Amino acid sequence: MPQRVYIQEVVTRDGFQSEPRFIPSEHKVALLNALARTGLAKLEVTSFTSPKAIPNLRDAEAVMRAIDRVAGVEYCALVPNVKGCERALACEVDEINLVMSASDSHGLANLRMTAEQSLAQFAAILAVAEGTQVAINASLSTTFGCPFEGALGEARIFSLVERLLGLGIARITLCDTTGMANPRQVETLCRQLLTRWPQATFTLHAHDTRGLGLANALAAFNAGIERFDASLGGLGGCPYAPGATGNVCSEDLVHMFEQMGVATGVDLPALLRVAENLQAIVGHHLPGYVLRAGTADRRYAPG
Ligand code: COA
Ligand code: ZN
């Protein structure tokens, strides 16, 4: 079991993409600059997608160019196609997060691409990125189940992981896009993936749609996963997946690991202060637990 985990914040991408109101760019920049100083390993800043598909992130260039680049923090952006890759490279992102769906029906709904078409698109993107310093990650949506097709079977996931590695993509994110995973399934799949491909770097991207986000993160950790996507306050959800809700909550995840004695590198009180401010930015309540209850070492006067 790992003794250190890496928390990768996705609130300004996964969280903001489905907010009902546009979040002004200057609020996004201030939030990202505050997050960058809490010890998080990576920030998924935005996505370079079609502004018609994801209108809330139509300011990707402006945000990416305005933020501070804090040393030690990796700045990443989601990219669905070659055009997105060109835009991301022009903003000097550290990492491009390619996205595809393990299921064809979700891929067609979200990206207008089957898995096979996404893989072809990835090859074209890699050709564009060749010779640059940018790191490449691939996110595999619906790894643990698709809202249209149900369970996909481990064989399909193994074959897609093999194809990604064959393209030279060594960073792979296993996404539970609509919170369909359960802890036993997560632990089993993660163990098999880590055993078969120890050279790959896997991330778990959990959603808390059915209240299993933390349990699934713990199951992945028990299998040996060290990297976790999470969203401040638990904000998030895929706009092209029915019933999708927020990611596993960053401050709750950090709190769990720190209480277990597993280092996250994150300053939890600082992260909680940023989460408190996020409520004012989005103008609604956030589902995070620790934000409401305080940390487990909070003490009350008797009576
Ligand atoms: N950045 C900006 N604009 C883009 C773009 C990109 N990466 N990719 C496509 N476009 C524009 C095209 O220029 C075109 O614009 P026009 O209508 O003004 O000519 C329009 O989008 C349609 O282009 P097309 O290539 O036909 O794309 P599409 O309609 O098949 O859409 C995607 C495909 C992938 C671009 C689109 O579905 C998308 O951006 N999806 C985002 C999915 C997402 O982020 N989901 C949540 C995260 S998992
Ligand atoms: Zn997600």
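Residues numbered from 1 in each chain as written. Chains lettered and ligands numbered in written order. Predicted model: local features only at pLDDT ≥ 70, side-chain atom pairs only at ≥ 80, totals over all residues. Heavy atoms only, no water.

A. Examining the packing of helix H9 (residues 213-223) against helix H10 (residues 250-259) more closely. Packing of H9 against H10 brings their axes to within 11 Å, and their N-to-C directions diverge by 45 degrees. One way to sum up the angle between H9 and H10 is to call them oblique. Where H9 crosses over H10, the handedness of that crossing is right-handed. Contacts between H9 and H10 involve Leu-214, Ala-217, Leu-218 and Phe-221 from the first element and Asp-252, Leu-253, Met-256 and Phe-257 from the second. For the contact of H9 with H10, the class distribution of residues is seven nonpolar, no polar and one charged. (Axes fitted to C-alpha atoms, helices over the stretch in contact; angles between N-to-C directions. Helix = DSSP H or I, 4+ residues; strand = E, 2+ residues; numbered from the N terminus. Parallel < 35°, antiparallel > 145°, perpendicular 65-115°, else oblique. Left-handed = near helix turned anticlockwise from the far one by under 90°. Contact = heavy atoms within 4.5 Å. Nonpolar A, V, L, I, M, F, W, Y, C, P; charged D, E, K, R; others polar.)

B. The arrangement of the environment of Val-29 in detail. Residue position: Val-29 is located in helix H2 (residues 25-35). A relative accessible area of 13% means that Val-29 is categorised as buried. For Val-29, the contacting residues outside a window of four places in its chain are Val-63, Ala-66 and Ile-67. (Buried < 20%, exposed > 50% of the residue type's maximum accessible area, 1.4 Å probe, protein only.)

C. Just the sheet that holds strand E1 (residues 6-9), in detail. A barrel is described by the order of its strands in space; here eight strands give the closed sequence E1-E2-E3-E4-E5-E6-E7-E8, paired in parallel fashion. Going from strand to strand, the sheet's axes swing by 25 degrees on average, the running direction of each strand aside. The strands that H9 touches are strand E6 (171-176), strand E7 (201-206) and strand E8 (227-230); relative to E7, the one it contacts most, it runs at about 165 degrees. (Pairing = 2+ DSSP bridges.)

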